[in-house]
Every structure is written in structure tokens, then in C-alpha cells.
Protein chains: 2
Amino acid sequence: MKNAEQSLSALRPDISRMAKRIQAARGQIEADLVLKGGKVVHLFSGNIQEIDIAVYDNIIIGLGNTYKAKNEVKIRDKWVIPGLIDAHIHIESSMLIPSALAAALLVHGTTAIVSDPHEIANVMGLEGVRFMLENSRHIPFDTFFMAPSCVPATHLETAGAELNAADLAPLKNEPFVLGLAEMMNFPAILAGDPGVLEKIARFRESNLDGHCPMLSGRDLQAYLTTGISSDHEASTPEEALEKVRSGMMLMIREGTSAKNLESLLPVVNEQNVHRFCLVSDDLHAEDIQERGHLDFVIRKCISLGLDPLTAVRLATLNPASHFGLKNRGAIAPGYLADMVVLDDLEHFQVNSVYKNGQLVAREGKLIDFPSREKPASAKRSFRMAPFSKDSLKIRHRNGKARIIEWVPGQIITRMCLERVPSADGWVEGDTESDLLKLCVVERHRDTGTVGVGLIRGFGLKRGALISSVAHDSHNIIAVGVTDEEIALGVKTLGEMGGGLAAVRGDEVLARVPLEVAGLMSKKPIHELVKELKSVKEAARELGCRIPDPFMALSFLALPVIPELKVTDKGLVDVNKFEIVPLFEQG
Amino acid sequence: MKNAEQSLSALRPDISRMAKRIQAARGQIEADLVLKGGKVVHLFSGNIQEIDIAVYDNIIIGLGNTYKAKNEVKIRDKWVIPGLIDAHIHIESSMLIPSALAAALLVHGTTAIVSDPHEIANVMGLEGVRFMLENSRHIPFDTFFMAPSCVPATHLETAGAELNAADLAPLKNEPFVLGLAEMMNFPAILAGDPGVLEKIARFRESNLDGHCPMLSGRDLQAYLTTGISSDHEASTPEEALEKVRSGMMLMIREGTSAKNLESLLPVVNEQNVHRFCLVSDDLHAEDIQERGHLDFVIRKCISLGLDPLTAVRLATLNPASHFGLKNRGAIAPGYLADMVVLDDLEHFQVNSVYKNGQLVAREGKLIDFPSREKPASAKRSFRMAPFSKDSLKIRHRNGKARIIEWVPGQIITRMCLERVPSADGWVEGDTESDLLKLCVVERHRDTGTVGVGLIRGFGLKRGALISSVAHDSHNIIAVGVTDEEIALGVKTLGEMGGGLAAVRGDEVLARVPLEVAGLMSKKPIHELVKELKSVKEAARELGCRIPDPFMALSFLALPVIPELKVTDKGLVDVNKFEIVPLFEQG
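Residues numbered from 1 in each chain as written. Chains lettered and ligands numbered in written order. Predicted model: local features only at pLDDT ≥ 70, side-chain atom pairs only at ≥ 80, totals over all residues. Heavy atoms only, no water.

Caption draft 1: Structural context of helix α2 (residues 98-106) of chain B. The buried count for α2 of chain B comes to nine of nine residues, which makes it a mostly enclosed element. Residues of α2 of chain B that are buried include every one of Pro98, Ser99, Ala100, Leu101, Ala102, Ala103, Ala104, Leu105 and Leu106 of chain B, and no others. (Buried < 20%, exposed > 50% of the residue type's maximum accessible area, 1.4 Å probe, protein only. Helix = DSSP H or I, 4+ residues; strand = E, 2+ residues; numbered from the N terminus.)

Given below as C-alpha cells:
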């Protein structure tokens, strides 16, 4: 009910559109499209029916074997399911702009996503959110948004923006905004923080997404008294069952890093099947290209023993119901003609995809997808003071230094204390003992703040790796053998307007420009993936053995994950939740 | 999202209320109420758990066995389910005003209804709807409304009001209005009538209820292209299955006249269980008092073999989900503390009822229910010209007369043609052949129009029965042996401001004042039922053998149900959909 009172004249086009659809449904005028002879998956009744599907305008007008159309497509022996809906995804994690991600997902049968523009909001605030809204329009794909609830994530780093409840409120009126995004700051809720509760109060009539790993018992229930109604962080069956019983829509996450499907799928049964969705949360471009999106997750569900109709329901009707998307998630009259034709239901091979009644993808190829390269105001997201390698210098002191120890496959780090080498009274890295400088350079507000630490585990023998993707504030993060190489990398990123780079000596070995907020490329997925492969390959040449070194880098500035991190404000002891010096006192 | 932007100061009370609930959920402050040791029916997970339920403010804050409260109620060996929700009911059919119906339903475990004020809207238009909205507030019961979509029902009678799309639009902003009520005029939709489609266009973002008996195939699908999403008229399993498959929420109706439960329940299964609700549609006060409301229907479901948890779901979580009532329909943290304690789940005996955390009924008795007798502007609904018995006179003519033949147990009538007696050139009734005068007297606009016909099947040997409840326009309808007795009845109703009466000679044998719009009594249910019994008893004394003669009367002016009816405009041949004279031409 977002619309104010409308005049009759404003409604006339809708009314005549409705009248035409009715005529088409009754067979009085020809349909636009008929899919003939396919096996239709009925999610409301839980069965499969061989029947034609007629489409007029952008909706399904009827199922039946007497409809005629200019465009009749024979799909005998194929299956038809509704377009897939990802109920929780961060677009920025793909490093694709919304329109490019849409293009990448469509070929996998996804026709709508619900996204949280948390990353770009941390860089560019509402301007960033509005870019996402704008860039995702006028394409055959529906990108819904949740208003980012936790910007900035903490005050231990310099973010590009701060969004309080009043800032977020206007987003409620955006037609593609469905509510308030994952409320990660559950400690603030439990503490009754008025600023955080105000955000909920302002969005309480819409959808309130949750995020509360391991929260249980009274604290979980306290969190739920606010009206928050979903979670995608459950990692054990017990956690999932408690959350479902307590009323949460449980979004089973299967993304690039976090994979919960195998663990959680066994708890889905006939009694609770209406309370689960499949989501990706964070999904890298390479994963999308190589394995797919929800189609991949559904294949995995089926291989784990889930009934295919149930798997489909978890990625269509359930997310649509959860978010109150009334005419989505099913093949039925009045529903949007968002349809996926499958070669085979059991193996879940996408044959073709229809969005709003138009064929948009066939056999993995897009058809007539409009080009949408207008990443407005991307440059302005970089407001970096001139960078000098001198800012990387740390005076050596007696005593032990706090060293970040990278933990393989984890986003937590360990803190270890040891004596470190010096040169002329300054702290130095040491490739022998795999000790490298790690720095974070502020890039939003021209503050010139730089935080420097030491890290073990990256394995670089020479050169430096630099990135402007660093959760959650996305300052520049760099790891390198020499200050000069780090400085060249930072300079290179400044020139590109953000991105990833690998440097050796005075040479830039590879780079991935992410000109949009320093987070997203303007390129389509196959070009981006090529660039990403080259920069990773360069990292390997420099000696790094981490499978995805730039992803690893991106979590080293995240001061809400233990144990020791670096932000532009300095080293953060996460357990103490405070900035600490490199050297222990005493 | 009905609220415009709110200032922080306006939100402060909500925020501090939220903070207190969080504290209570965490056990930092005492709860208001703890139900101890009951068996909680979990509808999200489909199981039963023995656990305490803690309530603070008006919501459930947590389940767990360590909560403390001033008010701790032991309910060991009892079950707890969410408050029942009737997804479709016409309040006026009970002849109780909303607050009195609420009181009557609460003791049966119902805590919310979704109602269509179609009847009062036909009498009093928006003023009537606003009376219903107002009278149902400030009591421990939630009455939601759908904006009446079909006022007037036809143009073959004089209604008290006409509500077009623009008239209805302001109702969207009422917080307890959930959408557009049952769209009965499906022929107009199929014909693409712009006025009807405009109503849908104005409400398309909210809920659109349907009503389409026997509609099937292309016509059903055409109807559904508009976004209409529910039906309560299905009467056969095939019809129900088609409607469910096509995306309708199927409301299984079990009311006073229409009873579809036995026929439809067999189609509910594990795959489609999320697509059914239980509703009453029209339910008389006597039925409520004697058998109950949804509690009765659930008992019947269970006796027909339905799993009790499923039966409960059909009357709680499913209707709540359908209408997007986010925090209703389950026992879970953050949900309204609308709870029913049952002595026994299988026999479904209501022990006590909590609304918004307050005990409102125990063992069939209300507790502290506020008195709400302020039926504003009721009188004004009667705008009747002075009535003279001369208006009942019909000049006798040669040829056969069209006679209405009442059909036992049906709301259809038959038309039969025969010669009728005359006296001094005027048509007369004849008790020997059970031929009585039936008339409808306009009572909304002072038009003085009176329609007169003849009916067979009422069996009155003397006297007259008179009612101001006559679907859908609710003019005065009367059947009687003499014009004098009919005239006395009409006069009596005019004086009462509407109601039911039985007259013999110059005596009023019994009466039921329905001062509110001529449809509803101000009295509580037990007093009304006593009056209803007395007027029916009087009808029996007059010779009438119809089990419920006033209900039978109420359908005799409904010109959308075949075959021959009377409105204030005259005799209606429903098959021709036109006014016809009493005597055949020629």
C-alpha cells in the first residue's frame, strides 16, 4: 500500500491492461506465447501436470490445451518450474554490478533476488544504494533490496558512510525495497540500543531480516520479540530447528565460503517445509560461472536426497511467500511469467528461461539482454589522501609484537606474540619466517589514516597484493614484502578507482579494476572472471599459496571477527574490541 | 507500510516498549504472565512441546522453563494453541454488532476475524462500514475488514448506498482494513467492466478476496489474472482442487446454511495443506451459542479424521499467512499473546482464552469484557416513506400469475404460473392453497416503492412475518395473510428502526429489534437468541412450518439467485434478469 490515492486517469492504463489479460485468458484474443506439452510443476498442490501454459503481456494467463498464440514453443518431455528466487544475497560479493549479476544469474534460472547492499552502503551510503536501485532497473530481472541495517559495522574503522534510522526511512518508499536487511548487530538489540531499535521501529510493518549465528534460548527469543523473522546463519541442525520452531524463516545458505546445506538439509521435513529457503548470501563470480547459482544448490539438494519438488519450492514459493511477493513463485494464472524450462527435473538442467513472458536465456546463453553500463558516481567513492610509503614505517621497540596469524580456510585469525626484526630502528618484514607487512589505507574521507600490522601465513616471497574490497568499510588493504611495492599497489588502486592488483618491483603484474565503489567491475562476468584468474595467478607467482588470497585479504580488516585485525585506525584486538599498539607495553 | 514518515519522538514509546520486551525475554525483568507446564502446539515445526510460555506486554516473549512472573498459571496436562482466526465472516449475519459478536466468539477461542461488511454497506454505505470499524475497536478482539466490493449487488432493487472504486479507496488507509472483499461480481470481471476492474486496481497491492462458485477452466483463470487470491465457494472436491492448483487460498466454509467441510476436507493433504483455511462466512447467533465457532469446525475436522495439528493450522497460521498478518497464528516469541488453552486437543475443549496476554474467557465465560454499546447513527438508516396498506393492492387481471414457489432448504425459488383468486377486482391471498402476499418495501431513500408478489410454501394460516434483513439491499420484506397484518408489521419495524416481527390481527406477537441498520441488535448474544427463539415460535403458532422462516424470507428479495424474487421495484425474473409484472401478458 505504498501508493497514495490515485486518480482514475492514472489507473486507466492498468484497467485496460487487466481487461486485455482477461480476454486473453478466456481465449477471446490470442495469447503472446504458449509453452506446449511441458510438465508443469504445481507447487500449490504438490504435483506435476502435463499441460500447456499460455502467457499474455507479462503474466501467465492460463493453463490448458486450447490456447493459441503467435509464438508456440514445443517443450514436450521438458519440465516447467517458476523462476528461482534467492532470498538473501550480497550483489557486491560477486564484484558484478547489479545488471551484470542479473545477466549472470538469469542463465541459471534465477529471475529475482533479494539483496542487501551492505557493502556499497559502507562505501557510499545512500548514494551507493541508489546506484544499485537504478542499475538494476529496466532489465528482465527483478532485484529487490533490503535497507542496509548496520552501516558502519563498527567504530573501529573509518567507513564511507553512516546510515541511521532516519537516513534509511526514505528507502521504505522505494518500490523494490522490501524491508530492513539482516540485523547483524544482535548485541545492540539485546542491549536495547535505541538507535538500532529505531531502525526496526521504522521498518516494522515490512520485512525484518535477521542474522544471529549461534544465538539461542532467551537471547534468541529476545531478538525475535522485535519482529525479526529470518536467519541465514544457522550452521547446525539443532540451531536450525530451534530457529524454525521459534518462528524464523530459515534461509539455508550455500555460498562461496559459507556452506550449510549438507548440515541443515536433514532437518527439512513435511511438517516444517514451509519454513525454509535456499540462499547464497555471498557468491563469487567464478563460482557462478563454474557451478551456477540456485540451480547448483537444487542439484545438490536432490543429490542429498531431497524430493525435487520440495527443492524447487525452497527456491521459489517459499521466498516469495516470506517476502509477501504475491504473484511470484508459482506457475499459475495471474502470476508473473517467470518460468524455467528444464531438460530434466532430477538432474535439474536449465534449458531456457522466461522473464515476464520473454525468452531471456537458452542453453546457457542470454538472448537480447539490454546493456546497462552506467555506473554513476563511481569515481567519487575514492577520496584518498596522497599516499607515501613513509606511512608504512613503524618504529621498532623492545618487547614482543602482536602478529596476525592467518588461519587456513577461516575468517578468524590468531594473535601471536614474538620478537620481530628491525632495520635502522624500523620494523621490517621477513620472508624467511613469512612475516609480511599488512596495512589498511583509508580511502573514503581523505583522512590519510593508515593502520599497519604484521601477518604470517600469506607466503609472499616478493611483491605485494592490494585490494579495495575489505569488509566492512572497504578501505584499501595491502600485504607485501617491501614498502615500495605496497605503495605502488596503493597508487595503482587509486588510479583505477579501486580494484585488485598484484605488484612485483615496479611492475603491476595483474589488475582487476573495480571502478564502482571500489567493489564492482563494469564488465560482464566472463571478462571479470578472466581478470580475477590472472590476478590470482600473479599472486601464486609471487609465492602465495592461499587458494583465494584476495578473499583472505578482504576479511583481515573486519574487526568483528576474532582475534587480531587491522583497520585504518590501527591494530584491533577483537576480543577486547579496542585498538592496540603493535608492540606489547613493557 | 501505511505510515508516513514518522518523527523520532513519535517512535520513542515504541522503542522503549521494544526495549522492555527484550529485557523481559532475557529474564532481566519479570514477565507479566507465565503459562506453566502446558503442551505447546508448534505450527512452524509441526510438533508438540511441554514448555512454559512467558508473556510480557501484549506478546509472547519466550518459551522456556525459567521464566518468572507475578501471574503464573499452571496448565499441566492442557494444550496451548494460537488464537483462532476466521478468514471470512459477515458479522451482520449473526445479527450482533461487532463488539457483541467478538464477545460471543472469544469464549470459543477465536481472537481475530476477517470480515466483509457487505450487508451494512448496502444499507448505510461508508457510514455503516465506519460504524463497524469503530464498534470493533478497544476490545480484546481483532476485527479486520475487507472493503465491500459489490455495493449494490444489482440495479434491480433500491439499495441504501452505492460504493464505487473511488469511494472505497480511502478504506485502504484504515489500519484494520486488509484489502478488497469477496469479488462476487465475476460476470463483470469476465466482461472486463471498467468500474469493477478499477476497484481491483485500487486494492491490487493488498489482499483481494474471491467468490466464484462453480467457476472453472478459462473463466476461472481469467478471474485469477486480476490477482484475486482466495475462494470460499467451492463445494466439490474437483472444484476445490482446481482452485488450489490455480493458486487460490481455499477457504473451506462451514456456516449456518452453507456447509462444505465434509465434502472438501478429503482433498487436504501434506502437499497442499498450506492452501486451506476454515471459515464460517455466515453464522447465526443461535449456532454460535449452541455449537460454537471455529472450535466446532475443528472438532468436526478431527472427527472426520484430520490430524488435530493440521486442523489448528487451518484456523490459525494459514489465515494469518494469507493476509500477511505477520505476528499472528503461532505460539512463538514476538507473536501476539493470543492463546487458547485446551482441556484436550483431540476433543478440542476450550478451557481458557488469552487475548494480547490478558485472560479474557474461562470455561465459557467472559472475563472483564468491556461494554461497547454505542451503535452510532443507527436510526438514520431507516428512511421510509409513510406506508399504507393500499400499496399492497394489485389489480386482478385475466391470465396466469407468476407465483414464487419456496423450495425447502434452498435459497433458489421456482416460478409457477397459475390463475389466482380475486376479490372485487383485486388479487387476494388464499390460505387454503397456501398462497400469500409477499412484499418488499423500500426503506433507505424515502422512495415509497413497494414490490408485491405471491408466494407458496410459507404455510401461514394467519398473521404476517416481517423483517428488515433481506439480501442484499435489506429493504423490508413481509409475508402475510392480510394486507392489514402486513401493514402493522411494516409499521412496527419502522418504529423499532428495523428488526423481525410476527403479527396476528392487531397484535405484535413477538419482535426482535435490530436497531443498527435494521440488521443488528445492540444486545448480547444470549438476549438476542432468546428474542430470536420467541419470534420463530410465534411464526410456528401462525402456522409456518419452515425451520427458520426469517432466514427463508431474507433470501426472497435476492435478485441474483433464480428463479423468481421480489424487490421493492417489483417481481424479478432472475433468469431474464428483469422486472416482470405479476400477470403474464395476454
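Okay, back to it.
Caption draft 2: Structural view of the packing of aromatic side chains. Scanning the model with the defined rule gives eight aromatic pairs over all chains in all. The interplanar angle of 70° and the centroid separation of 5.8 Å between the aromatic rings of phenylalanine 44 of chain A and tyrosine 335 of chain A together place this pair among those described as edge-to-face. One end of the pair, phenylalanine 44 of chain A, is in the loop between β2 (39-42) and β3 (47-50); the other, tyrosine 335 of chain A, is in the loop between α13 (317-322) and β16 (339-344), with 291 residues separating them in the sequence. Among the residues examined, tyrosine 335 of chain A registers a relative accessible area of 11% and is labelled buried. Between phenylalanine 186 of chain B and tyrosine 223 of chain B, the aromatic rings sit 6.4 Å apart at their centres with planes inclined by 85°, giving edge-to-face as the arrangement. Of this pair, phenylalanine 186 of chain B sits in helix α5 (residues 186-190) while tyrosine 223 of chain B sits in helix α7 (residues 217-224); the two residues are 37 residues apart in sequence, bridging distant segments of the chain. Considered together, phenylalanine 186 of chain B and tyrosine 223 of chain B belong to a single accessibility category, that of buried residues. Sitting over the face of the ring of tyrosine 67 of chain B, arginine 218 of chain A holds its NZ or CZ atom 4.8 Å from the ring centroid. Its guanidinium or amino end placed over the ring of phenylalanine 176 of chain B, arginine 137 of chain B lies 3.5 Å from that ring's centre, counting from NZ or CZ. (Phe/Tyr/Trp six-rings, centres within 6.5 Å; stacked < 30°, edge-to-face > 60°. Lys NZ or Arg CZ within 6 Å of the ring centre and 35° of its normal.)

Caption draft 3: The pairing of strand β30 (residues 564-567) of chain A, seen in detail. Residues and elements named next belong to chain A. What you see with β30 is no split at all: Leu564 and Val566 on one side and Lys565 and Thr567 on the other are buried throughout. Across four bridges, β30 lies against strand β31 (residues 570-573) in antiparallel orientation. Among the inter-strand pairings, leucine 564 is bridged to a residue of β31, identified as aspartate 573. Between β30 and β31, which pair antiparallel in sequence order, lie two residues. (Pairing = 2+ DSSP bridges.)

Caption draft 4: Spatial organisation of the packing of helix α6 (residues 194-203) of chain A against helix α1 (residues 8-25) of chain B. The interhelical angle for the contact between α6 of chain A and α1 of chain B, taken along N-to-C directions, is 110°, at an axis separation of 9 Å. As the angle between them shows, α6 of chain A and α1 of chain B are arranged roughly perpendicular. Contacts between α6 of chain A and α1 of chain B involve Pro194, Leu197, Glu198, Ile200, Ala201 and Arg202 of chain A from the former and Leu8, Leu11, Ile15, Met18, Ala19 and Ile22 of chain B from the latter. Its residues assigned to classes, the contact of α6 of chain A with α1 of chain B shows ten nonpolar, no polar and two charged. (Axes fitted to C-alpha atoms, helices over the stretch in contact; angles between N-to-C directions. Parallel < 35°, antiparallel > 145°, perpendicular 65-115°, else oblique. Contact = heavy atoms within 4.5 Å. Nonpolar A, V, L, I, M, F, W, Y, C, P; charged D, E, K, R; others polar.)

Caption draft 5: The arrangement of the sheet that holds strand β14 (residues 249-253) of chain A in detail. Residues and elements named next belong to chain A. Read across the sheet, three strands follow the order β13-β14-β15 without closing on themselves; strand pairing throughout is parallel. The sheet is open, and its two edges are formed by β13 (230-231) and β15 (276-279), each paired on a single side. In this sheet, β14 lies alongside β13 in parallel orientation, the contact comprising two bridges. The partner of aspartate 231 across the bridge, within β14, is leucine 250.

Caption draft 6: The interface of chain B and chain A, seen in detail. Between chain B and chain A, the residue contacts involve 72 residues of the former and 72 residues of the latter. Taken over both partners, the interface formed by chain B and chain A buries close to 6400 Å², and the fraction arising from carbon and sulfur atoms is 53%. Viewed at the interface, chain A and chain B are joined by four salt bridges. Linking arginine 204 of chain B and aspartate 14 of chain A is a salt bridge whose minimum nitrogen-to-oxygen distance equals 2.8 Å. Here chain B is connected to chain A by 16 residue pairs in polar contact (both at pLDDT 80 or more). Those elements that place two or more of their residues in the side of chain B that touches chain A are α1, β5 (59-63), α5, α6 (194-203), α7 and α8 (237-245) of chain B. Ranked by the residues each element gives to the side of chain B that touches chain A, the list is headed by α1 of chain B, at nine residues. A per-class count over the side of chain B that touches chain A returns 32 nonpolar, 23 polar and 17 charged. (Buried area = accessible area lost by both parts, 1.4 Å probe. Salt bridge = Lys/Arg side-chain N within 4 Å of Asp/Glu carboxyl O. Polar contact = N/O pair within 3.5 Å; in protein donor to acceptor, adjacent residues only side chain to side chain.)

Caption draft 7: Quick peek at the sheet that holds strand β20 (residues 401-406) of chain B. All names here are of chain B. The strand order across the open sheet built from eight strands is β21-β20-β25-β24-β27-β26-β28-β29, with neighbouring strands paired in mixed fashion. Pairing within the sheet leaves two strands with one partner each, and these edge strands are β21 (413-418) and β29 (507-513). Neighbour-to-neighbour, the strand axes of the sheet open up by a mean angle of 25°, direction not taken into account. Two strands pair when backbone bridges link them, and strand β24 (residues 435-441) and strand β25 (residues 450-456) are joined in this way by seven bridges, in the antiparallel orientation. Directly across from valine 441, in β25, lies its bridge partner valine 450. Packed onto the sheet, helix α14 (residues 483-496) meets β24, β26 (464-467), β27 (476-480), β28 (499-504) and β29 and runs at close to 145° relative to β28. Taken strand by strand, helix α15 (residues 525-541) contacts β26, β28 and β29, and its axis lies near 145° from that of β29.

Caption draft 8: Here's a closer look at the pairing of β16 of chain A. Residue and element names in this part refer to chain A. By the bridge criterion, four bridges tie strand β7 (residues 79-82) to β16 in an arrangement that is antiparallel. Residue valine 80 lies in a different strand from β16, and its bridge partner there is valine 341. When β16 meets strand β17 (residues 349-355), the two strands line up antiparallel, connected through five bridges. Along β17, the bridge assignment pairs valine 340 with valine 353. Where β16 hands over to β17, the hairpin turn is made up of four residues, of which phenylalanine 348 adopts a positive phi near 50°.

Caption draft 9: Main features of the relation of the copies chain B and chain A. Placing chain B over chain A gives an RMSD of 0.0 Å and needs a rotation angle of 180°, together with 0.0 Å of translation along the axis. Classification of the inter-copy transformation places it as that of a two-fold axis. Of the residues that chain B buries at the interface, 100% are likewise interface residues in chain A, meaning the two copies contact each other through the same surface. (Least-squares fit on C-alpha atoms with pLDDT ≥ 70 in both.)

Caption draft 10: Highlighting the environment of alanine 557 of chain B. In this structure, alanine 557 of chain B sits in the loop between α16 (549-554) and β30 (564-567). For the pair alanine 557 of chain B and valine 353 of chain B, spaced 204 residues apart in the sequence, the C-alpha separation amounts to 40 Å.

Caption draft 11: Summary view of the confidence of the model for chain A. In the predicted model, chain A carries a mean pLDDT of 95, and the fraction of residues at 70 or more is 97%. Model confidence for the complex is summarised by a pTM of 0.95, with the ipTM given as 0.94. (pLDDT = per-residue confidence, 0-100.)

Caption draft 12: Here's a closer look at the side chain of glutamate 286 of chain B. Mapped onto the elements, glutamate 286 of chain B comes out in helix α10 (residues 285-290). Apart from residues no more than four positions distant in its own chain, glutamate 286 of chain B is found in contact with Val529, Leu532, Lys533 and Lys536 of chain B.

Caption draft 13: Broad picture of a negative patch on the surface. A grouping of Glu270, Asp307 and Glu346 of chain A together with Glu270, Asp307 and Glu346 of chain B is seen on the molecular surface, where their side chains present a negatively charged patch. For glutamate 270 of chain A, the position within the fold is in the loop between α9 (261-264) and β15. (Patch = residues over 30% accessible without salt bridge, like charges linked within 9 Å, V, L, I, M, F, W, Y side chains within 5 Å. Areas by Shrake-Rupley, 256 points an atom, 1.4 Å probe, with all protein chains shown as cover. Lys, Arg positive; Asp, Glu negative; His and termini not counted. Charge placed at Lys NZ, Arg CZ, Asp CG, Glu CD.)

Caption draft 14: Up close: the pattern of salt bridges. Applying the stated criterion across every chain, the model contains 58 salt bridges over all chains. For arginine 76 of chain B, the salt bridge identified is with glutamate 50 of chain B, shortest N-O distance 3.2 Å. In this pair, arginine 76 of chain B sits in the loop between β6 (69-74) and β7 (79-82) while glutamate 50 of chain B sits in strand β3 (residues 47-50), placing the two residues 26 residues apart along the sequence. Salt-bridge contacts for lysine 536 of chain B lead to glutamate 286 of chain B; the nearest nitrogen and oxygen are separated by 2.7 Å. With lysine 536 of chain B in helix α15 and glutamate 286 of chain B in helix α10, this pair connects stretches of sequence that are 250 residues apart. You can call lysine 536 of chain B buried: its relative accessible area is 13%. What emerges from the salt-bridge pattern is a single network uniting Asp142, Arg328, Asp338 and Lys355 of chain A.

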